[in-house]
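# Observations on the three-dimensional arrangement
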Amino acid sequence: QVQLVESGGGLVQAGGSLRLSCAASGRTFSSNAMGWFRQAPGKEREFVAALDWSGGRPKYADSVKGRFTISRDNAKNMVYLQMNSLKPEDTAVYACAANPKPFSSGSSYPNDYHYWGQGTQVTVSS
């Protein structure tokens, strides 16, 4: 059974940092694009960042560009999201996702991703 499990969320003050991790099990995603999305209460799911299968060509939402960094370790089947200079508006449940197509590029469209984690809560206080 394929699983994506996020960790690393929590409560942090504005200006602080968190590093989210996404552990994949059940199959390897070393040849697949991976992405991070977030959803705040009462809002639509929002694209955050994505990385193609090789770890190159990162893509970011304008709202996080320059503050967040997506990376991956294919040997460990892990994806990370380093979040710096956090703002209260970053508060949301963050979920990682995997594109089922091999050698895929990072995408900002949720429909391009087939596998999803349950998410981890990130709360940024002002």
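Reference entry: report on the structure contained in this document. (Residues numbered from 1 in each chain as written. Predicted model: local features only at pLDDT ≥ 70, side-chain atom pairs only at ≥ 80, totals over all residues. Heavy atoms only, no water.)

### A closer look at the packing of aromatic side chains
Rule in force here: Pairing of aromatic side chains here covers Phe, Tyr and the six-membered ring of Trp, requires ring centres within 6.5 Å, and sorts the geometry by plane angle: under 30 degrees stacked, over 60 edge-to-face, intermediate tilted. Here, a charge over a ring is recorded when the distance from Lys NZ or Arg CZ to the ring centre is within 6 Å and its angle to the ring normal is within 35 degrees.
All chains considered together, the criterion is met by six aromatic pairs. Taking 6.2 Å as the distance between ring centres and 65° as the angle between the ring planes, the aromatic pair formed by Tyr113 and Trp116 counts as edge-to-face. One cation-aromatic arrangement involves Arg19 over Tyr80; the distance from NZ or CZ to the ring centre is 4.0 Å.

### Remarks on the nonpolar core
Definition in use: For the purposes of this section, nonpolar cores are sets of buried Ala, Val, Leu, Ile, Met, Phe, Trp, Tyr and Cys residues that join through side-chain atoms within 4.5 Å. Categorising residues by exposure relies on relative accessible area from a 1.4 Å probe, with only protein chains included: less than 20% of the type maximum marks a residue as buried, more than 50% marks it as exposed, and the intermediate range marks it as partly exposed. Each helix is a run of H or I in the DSSP string that is no shorter than four residues. Each strand is a run of E no shorter than two, and both are numbered from the N terminus. Here, two residues are considered to be in contact whenever any of their heavy atoms come within 4.5 Å of each other.
Trp36, Leu81, Met83 and Tyr94 are the most contacted members of the largest nonpolar core, which totals 33 residues. The set of elements that each furnish at least two residues to this core consists of strand 3 (18-25), strand 4 (32-39), strand 5 (46-51), strand 7 (68-73), strand 8 (78-83), strand 9 (92-102) and strand 11 (120-125). Not counting residues up to four positions away in its chain, the partners in contact with Met83 are Gly16, Ser17, Leu18, Leu20, Arg67, Phe68, Tyr94 and Val122.

### Considerations on empty space enclosed by the protein
If a probe the size of a water molecule is rolled over the atoms, the empty space left behind becomes visible. Our working rule: Cavities and pockets are defined on a 1 Å grid built over the protein atoms alone: a cavity is a set of grid points where a 1.4 Å probe fits but cannot escape, while a pocket is an open set with protein on both sides within 12 Å along at least five of seven lines, and lining residues are those with an atom within 4 Å of any such point. Grid points are joined across faces, edges and corners, and a volume is the space filled by probe spheres set on the points. Each residue is assigned to one of three groups, with Ala, Val, Leu, Ile, Met, Phe, Trp, Tyr, Cys and Pro labelled nonpolar, Asp, Glu, Lys and Arg labelled charged, and all others, Gly among them, labelled polar.
Tallied over the full model, the rule gives one cavity of 30 Å³ or more. Ala24, Phe29, Ser30, Met34, Arg72, Asp73, Asn74, Asn77, Met78 and Val79 together form the lining of the largest cavity. Elements with a contribution of two residues or more to the lining of the largest cavity: strand 7 and strand 8. Grouping the constituent residues of the lining of the largest cavity by class yields five nonpolar, three polar and two charged.

### Comments concerning the layout of surface pockets
Quantified by volume, the largest pocket comes out at close to 180 Å³. Every residue lining the largest pocket is counted, 13 residues in all, and those nearest its centre are Arg38, Ala40, Lys43, Glu46 and Glu89. When the residues that make up the lining of the largest pocket are grouped by side-chain class, the tally is two nonpolar, three polar and eight charged.

### Looking at the side chain of Asn32
Filter applied, for reference: Definition of a polar contact: a pair of N or O atoms within 3.5 Å, with one able to donate and the other able to accept a hydrogen when the atoms are protein atoms, and with sequence-neighbouring residues admitted only if both atoms are side-chain atoms.
Among the secondary structure elements, Asn32 is positioned in strand 4. The buried category is assigned to Asn32, whose relative accessible area is 2%. Looking at Asn32, its side chain comes within polar contact range of the main-chain oxygen of Lys101, at 3.3 Å. Apart from the residues within four sequence positions on either side, Asn32 is in contact with Arg27, Trp53, Arg72, Asn99, Pro100, Lys101, Pro102 and Ser104.

### Focus: unusual backbone geometry
Phi angles above zero are rare outside glycine, and Asn77 is one such case at about 60°. If you trace the backbone, Asn77 turns up in the loop between strand 7 and strand 8. In this structure, Phe103 is a non-glycine residue whose phi angle is positive, near 60°.

### A few points about the sheet that holds strand 3
Formally: Note: two strands are recorded as paired if DSSP finds a minimum of 2 bridges between them. In this analysis, axes come from line fits to C-alpha atoms, helices being fitted only over the stretch in contact, and the angle between any two N-to-C directions falls in the range 0 to 180 degrees.
Overall, antiparallel pairing links the four strands, which are arranged 1-3-8-7 in an open sheet. The strands lining the two open edges of the sheet, one partner per strand, are strand 1 (3-7) and strand 7. Taking each pair of neighbouring strands and ignoring which way they run, the sheet shows an average axis angle of 15°.

### So, the pattern of salt bridges
Keep this limit in mind: Criterion for a salt bridge: a side-chain nitrogen of Lys or Arg within 4 Å of a carboxyl oxygen of Asp or Glu.
Under the criterion given, the structure shown has five salt bridges. Of the charged contacts, one joins Arg38 and Glu46 as a salt bridge, the two residues approaching to 2.8 Å between their closest N and O atoms. Assessed through its relative accessible area of 6%, Arg38 is described here as buried. The salt bridge partner of Asp90 is Arg67, with a shortest N-O separation of 2.8 Å. Highlighted residues: Asp90 in the loop between strand 8 and strand 9 and Arg67 in the loop between strand 6 (59-60) and strand 7, separated in sequence by 23 residues. Taken individually, Asp90 and Arg67 each receive the classification buried, so the pair is uniform in this respect. Within this structure, Arg38, Glu46, Arg67 and Asp90 form a network of salt bridges that share partners.

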